[in-house]
Amino acid sequence: MKKTLTYFVFRGLILGGFIILLGWIYQKWFYVETLNKEGWLKKIGDTSFSKKANILYFSASPNASFPESDTDRRSIHEKIQFYLNNNTIEALDTGAIHAGIFLHALQQLPQDYKPKIILMDLNLRSFGKMWIHSGLENSLQRNLVYWNNYPGLYNRIKASLKNYPYLPLHEREALINYSEKFDVLPFKKACYTIKKWVDSLNFRADHYDGIGREFVRNFGFQINESNEMLKNYREVVAFCKLQKLKLVFLILPENIESMRKNSGENLVKLCDKNIKYLKFQFKNIPIIDLSNKLNSSYFYETFPTEHYNQEGREIVAKCVGTYFKKLSNIK
């Protein structure tokens, strides 16, 4: 019995030592390359945190997107910097990230870095199924597997086994389609569901370009308690409260003018209803509401986005910078 126990203990130690050695080799020689390919969100976050700015701005593509025609290609946060006196602002942003990613990023803040203010986009479009189940979501969730302090080999195995919120693209599309068919909207007849609404626009000759339908698919939802993104934002609020971080939400401008023209007044009313709902849900959090601040001339894409030309980014930056100037705790 004693010999048998010694046999298994000895081989267990050999196996454990081999795994430790393998992990060390992977961490030292291969993990950096893996992070570059699959864990780039961590690199973006680490770079942003290393600046130790007074204001940390969480955004997605709207912060830095610009048309080729722009002569001033500064991002929104770089333009905000102009309005700050001796304070600094840094952004954590890349395409398609949202409150769930923002929450994970906040949880990775270094112990020696505590921003004076967390500025965060409260992006209306991100509450819709089109964003929640975007084609980029699996890649973003895989990225988060690497954004921690666990051994690199452990993270690599976890990612390879898809041990994260992974859904095949056809399942994500099915969830979007189901929502469009069966989620009831606060309108009658043609606007009762997204599908009915979109189908009704197909019969209008002036909407064959598709922009009206895309607006409906991206904004035709009613936020309620079960909304996944709302839950993420609530967790962000709870985290900031626990860590004593001052949080400010920014509702970005939407192309309301084009929305009204191409999809109708009902969609504008629905957006307004959702914004009021969010303001009520987060009534204890300062909210800079710029949702109706820009007309169509400041948007440079036909697809519904919060992407602005240089004049549009300047207006957003000025509004935010002016707000910060009024805060007594930023000197």
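Up top you'll find the structure we're talking about.
Report on the accompanying structure. Every value quoted in this text rests on a predicted model; they were computed, and no experiment measured them.

## Here's the deal with the overall build of the protein chain
For the protein chain, the count of helices and strands is 15 helices and five strands. The buried share of the protein chain, taken over its 331 residues, is 49%. Of the contacts formed within the protein chain by residues at least 6 apart in sequence, a portion of 78% connects residues at least 24 apart.

## Structural notes on the pattern of salt bridges
Applying the stated criterion across every chain yields a total of 19 salt bridges. With its nearest N and O atoms 2.6 Å apart, the salt bridge here joins E38 to R142. Linking E38 in helix α2 (residues 31-38) with R142 in helix α7 (residues 137-145), this pair joins segments that are 104 residues apart in sequence. Note that E68 and R73 form a salt bridge whose closest N and O atoms lie 3.5 Å from each other. Residue classification places E68 among the exposed residues on the basis of a relative accessible area of 65%. Overall, the relative accessible area of 40% leaves R73 in the partly exposed class. Sharing partners across several salt bridges, the network here consists of D72, R74, K79 and E314.

## Considerations on the nonpolar core
If you look at the biggest cluster of nonpolar residues, it comprises 61 residues, and the most contacted ones within it are M120 and Y233. Sequence-distant contacts of M120, that is, excluding residues within four places in its chain, are made with F58, F102, L106, Y233, V236, L247, V248, F249 and L250. In terms of nonpolar packing, the next biggest core, distinct from the first, is built from 22 residues, I76, I89, V248 and V316 among them.

## Topic: the pairing of strand β4 (residues 246-251)
Counting buried positions along β4 gives five out of six residues, so the element sits mostly inside the fold. Bridge count between β4 and strand β5 (residues 287-289): three bridges; the pairing is parallel. Opposite L250, over in β5, you have I288 as the bridge partner.

## Quick look at helix α14 (residues 265-281)
With 17 residues, α14 should cover 24 Å at 1.5 Å per step; its first-to-last C-alpha distance of 25 Å lies within 8% of that length. Turning to α14, its buried residues number three or more, namely L267, V268, L270, C271, N274, I275 and L278. Projected down its long axis, α14 carries its buried residues within an arc of 160°, all on one side. Residues of α14 that are exposed and point over 90 degrees away from its buried face: K276 and F280. Buried residues belonging to α14 abut α10 (194-202), α11 (211-219), α12 (228-242), β4, α13 (256-263) and β5.

## Describing the environment of K273
Inspection of the secondary structure assignment puts K273 in helix α14. The residues touching K273, leaving out its near neighbours within four places in the chain, are P186 and Q222.

## Comments concerning the side chain of N148
Tracing the backbone through its elements, the reader meets N148 in the loop between α7 and α8 (152-160). Within the local environment of N148, its side chain forms a polar contact with the backbone oxygen of V145, the two atoms lying 2.7 Å apart. A polar side-chain atom of N148 sits 3.0 Å from the main-chain amide nitrogen of Y150. If we ignore the near neighbours within four places in the chain, the residues touching N148 are K42, Q108 and N155.

## So, the side chain of E38
A polar contact is formed between the side chain of E38 and the side chain of Y146, at a distance of 3.1 Å. In contact with E38, other than residues within four places in its own chain, are R142, N143, Y146 and R156.

Calculation rules
- Residues numbered from 1 in each chain as written.
- Predicted model: local features only at pLDDT ≥ 70, side-chain atom pairs only at ≥ 80, totals over all residues.
- Heavy atoms only, no water.
- Helix = DSSP H or I, 4+ residues; strand = E, 2+ residues; numbered from the N terminus.
- Buried < 20%, exposed > 50% of the residue type's maximum accessible area, 1.4 Å probe, protein only.
- Contact = heavy atoms within 4.5 Å.
- Salt bridge = Lys/Arg side-chain N within 4 Å of Asp/Glu carboxyl O.
- Core = buried A, V, L, I, M, F, W, Y, C linked by side-chain atoms within 4.5 Å.
- Pairing = 2+ DSSP bridges.
- Expected span 1.5 Å × (residues − 1).
- Arc of directions from axis to C-beta.
- Polar contact = N/O pair within 3.5 Å; in protein donor to acceptor, adjacent residues only side chain to side chain.

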